[in-house]
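These are the residues of each chain, in order.
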Amino acid sequence: MAATALEIRDLSKSYVVNGAPLPVLAGISLDVAPGEFVSVVGASGCGKSTLLRLIVGLEQEHDGRLAYDGRPIDGPGRERAIVFQEHRLFPWLTAVQNVEAGLARSDLGKSERRRIALEHLALVGLSNFAEALPKQLSGGMAQRVAIARALVSRPGLLLLDEPFGALDALTRSHLQREVLRIVRQEGLSAIIVTHDVDEAILLGDRVVVMQPHPGRIAEVIVEEEGPAREPGTPEAVALRRRILHRLGED
Amino acid sequence: MTAGLAPRVLRFSLLPLALLALWQGVTAAGWTDLREFPAPATVFARALGEWQSGVLPEALLASLARDLAGFALGAAAGIPLGLTLGLSPWFGRLVGPTFDSFKQIAIFAWIPLFGLWFGMGESAKVVFIATAAFVPITVNAWAGARALPQTLEEATAVLRFSPWQRLIWARLPAALPDIVAGLRVGLINAWLATVGAEYFMSVAPGLGSVLISGRDLYAMDLVLVGVLVLGLTGVALDTVASRLGAILIRWQ
Amino acid sequence: MTSTTSAVDLPLPSGAVARPRRLFLPHPRRLLPVLEGLVLPAVLLGAWALTSHQGWLPAQILPGPGSVLDAFRELLASGELGDHIRASLSRVILGFALGGGLGLLLGVAMGVSRAASEIIEPVFVWFAQVPPIALAPLLILLVGIDEALKVLIVAKAAMIPLAVNTAEGVRNVPRQWREVGRVFGFSPARTVFGLVLPAALPTVFSGVRTGLTHAWLTLVAVELIASTEGLGYLMVWGRQLFQLEFVLLSVVVIALIGFALDRGLNRIEARIGAWR
């Protein structure tokens, strides 16, 4: 196994606005190790979502190097899965069918697919809702299905684009811990993009603080295991203050 | 809620009964202007008579058969065309503007031309009805084929669907509500066109000719029977269509 | 608004912004779609011209583009075309005003009061499904074959969509807004004019658009029945004399006016519905 799962080297990206290039990401460099959970935190407009879209391969034009497992990223691939802020389930498919959609490119037989999909629904605690349609699920449940769909193709890297932003605080707290458990249990690398500092602290082995105009990395904070990650402990409060201070600079 | 049922039945039947009473009153008063206007009882007697003699059922069946033949033809042409317009950007650019111009032609404007081009028989009528159904069915299928939201489009990209999977699993299901809506409008249009075809084109068995013979014989009761049956058949067609459509898109 | 100006908000999934390269492409690229759209009409026009030039179809079946153009010039010069268009448009406007007004009132009644809608609906649903043309024999017996016949049939066609849309628009005014009205103690008049109607306006207006389209479609049919002027009459006349160039000309003019009506209302609708 390589020491680096995801390699980002001097990554820059611009859009064209009114005929002039507008940089959104400038000189981003970041390595993510296998099994590592990285939080990216920043105000809206700092390009953090663009960063994820580049990594998952939804956007491709950029300067600099972007590689997973040593291979440059040139489009979506099985080894990189994403959960969006909105669940983006197909409304015409049931929960289990939506999870099966994550196996679109596998050569597994029908029953095998169904079995694996059900397994992943169980992983997110929704075994009883396999036949439910998305409209019948609550926001949190729909997002769990989306997580199961992302995991079902056994990716190495899980990308989370503010996946809990639209949920209520209690549901969010549940899902954060559940995602953490699943990522650890499956030995995945993960990147979560968020503007919630507490969430970044709770989930990340490292917290990448980004600043806007253009989006760049202000600081990378390595977190200790243990109480520093639990919201409310003195260590976490200090860390929170430090990150907020960083975010306040411009 | 059962307590509210009786007043509701009352409400539903209020206006029909009131109109019936008005109708009866007007004819009974014998106003000179409306002497030719038959009383409700006369019309219902006429309807019953025409039904029992087999004239009305035969006309209804002939109109329905014509309607459904035209509708089927219009749908068979409209759904593939609309989907191709929406799914292939190249085809959409090539053919789209032409179709957009074509659909601006008021449907009845085709009658003089179709009569000449497709003969005076059944085929001209069916082509005319098909054209009436074809336009909304195509418009809706076209819109439907573009209905997959960008967010789900990206989801299919992330899940690495093949183009075929994207079509079967995402694009077509996303298009289905629009296609169903188009079929429903198409069915209504086809019914309008059926009456128009029977009224304006050559004489043939059907509800349209019931109307025409009623007019020519100055038999107002027969005309009213025709109007009543036309409306009720339209309601029945639309109800069936909306039920079937709802089954197809239960996930909404 | 183009994608170039909307690209300021960055973390967005808009496809137009995601492919900024397009904007650098040279000018002809933008012209290409327009040209592509003209290919098929050009081919059809060519085939039509060729068919009539070679005499494959007799002029009584399909006159050539040239004779349609001649017919156009002739009628334009004599002023007849303008007269026919004026006659048709005035019928549509009159019928639409009558039927549309009635539909609006019915729609407000059905939208505001559940009882009213339960009373009106049984008859309304049936009446909506009666093809306007089917009323012709009945109305001919009642009011004769003059203007009243045409205007009434057009009014019937325009009334249905307006009533349906108005009812829906009024019914679907969000509860939150109604609550705002209650909190601020709106008078009934203010509730209707300041809250319900503005909220319902986009839906009502799409009913206006559909109603006018239906009115125009129906007018053409009505003028086929009995008239001495109007675009439908022009068609009947051309057909009877086997001068199909006049029929084709009418088809084109009918389509153009239909297009103009729809496009104009579309513009207004976009402005009215801007807040949605």
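Reading guide: rules and limits
- Residues numbered from 1 in each chain as written.
- Chains lettered and ligands numbered in written order.
- Predicted model: local features only at pLDDT ≥ 70, side-chain atom pairs only at ≥ 80, totals over all residues.
- UniProt positions renumbered as here; feature names shortened; annotations may be inferred.
- Axes fitted to C-alpha atoms, helices over the stretch in contact; angles between N-to-C directions.
- Helix = DSSP H or I, 4+ residues; strand = E, 2+ residues; numbered from the N terminus.
- Parallel < 35°, antiparallel > 145°, perpendicular 65-115°, else oblique.
- Contact = placed C-beta atoms within 7 Å.
- Nonpolar A, V, L, I, M, F, W, Y, C, P; charged D, E, K, R; others polar.
- Expected span 1.5 Å × (residues − 1).
- Bend = angle between axes of the 7 residues up to and from the residue.
- Buried ≥ 20, exposed ≤ 12 C-beta atoms within 10 Å, placed from the backbone.
- Domains from an automatic or database assignment.

- In the annotation of an unreviewed UniProt entry, the entry for chain B reads Sulfonate transport system permease protein, and the organism field reads Xanthobacter agilis.
- Under the UniProt heading Subcellular location (unreviewed entry), the note attached to chain B is "Cell membrane".

- Under an unreviewed UniProt entry, the name given to chain A is ABC-type nitrate/sulfonate/bicarbonate transport system ATPase subunit, and the source organism is Xanthobacter agilis.
- Under the Sequence similarities (unreviewed entry) heading, UniProt states for chain A: "Belongs to the ABC transporter superfamily."

Here's the deal with the packing of helix α10 (residues 220–248) of chain B against helix α5 (residues 114–129) of chain C
- At their nearest, the axes of α10 of chain B and α5 of chain C sit 7 Å apart, and the two run at 95 degrees to each other. With respect to α5 of chain C, the axis of α10 of chain B lies roughly perpendicular. Facing Gly231, Leu232, Gly234, Val235 and Asp238 of chain B of α10 of chain B, the residues of α5 of chain C in contact are Val125, Trp126, Phe127 and Gln129 of chain C.

Here's the deal with the interface of chain B and chain A
- Contact residues are listed per partner, giving 15 residues for chain B and 15 residues for chain A.
- Of the residues forming the side of chain B that touches chain A, the biggest block, six residues, is contributed by helix α7 (residues 150–158) of chain B.
- Of the residues contributing to the side of chain B that touches chain A, the split by class is 10 nonpolar, three polar and two charged.

Digging into α5 of chain C
Residues and elements named next belong to chain C.
- Given a rise of 1.5 Å per residue, 16 residues ought to cover 22 Å, and the 22 Å separating the end C-alpha atoms of α5 matches this to within 8%.
- Within α5, the axis deviates most sharply at Glu121, by approximately 45 degrees, and proline Pro122 lies no more than four positions further along.
- Residues Ile119, Ile120 and Gln129 constitute the buried set of α5.

Quick notes on the domain arrangement of chain A
All names here are of chain A.
- What the domain assignment lists for chain A is domain 1 (34–62 + 71–79 + 156–250) and domain 2 (89–154).
- Between domain 1 and domain 2, the contact holds 10 residues from the first and 10 residues from the second.
- Grouping the constituent residues of the side of domain 1 that touches domain 2 by class yields seven nonpolar, one polar and two charged.

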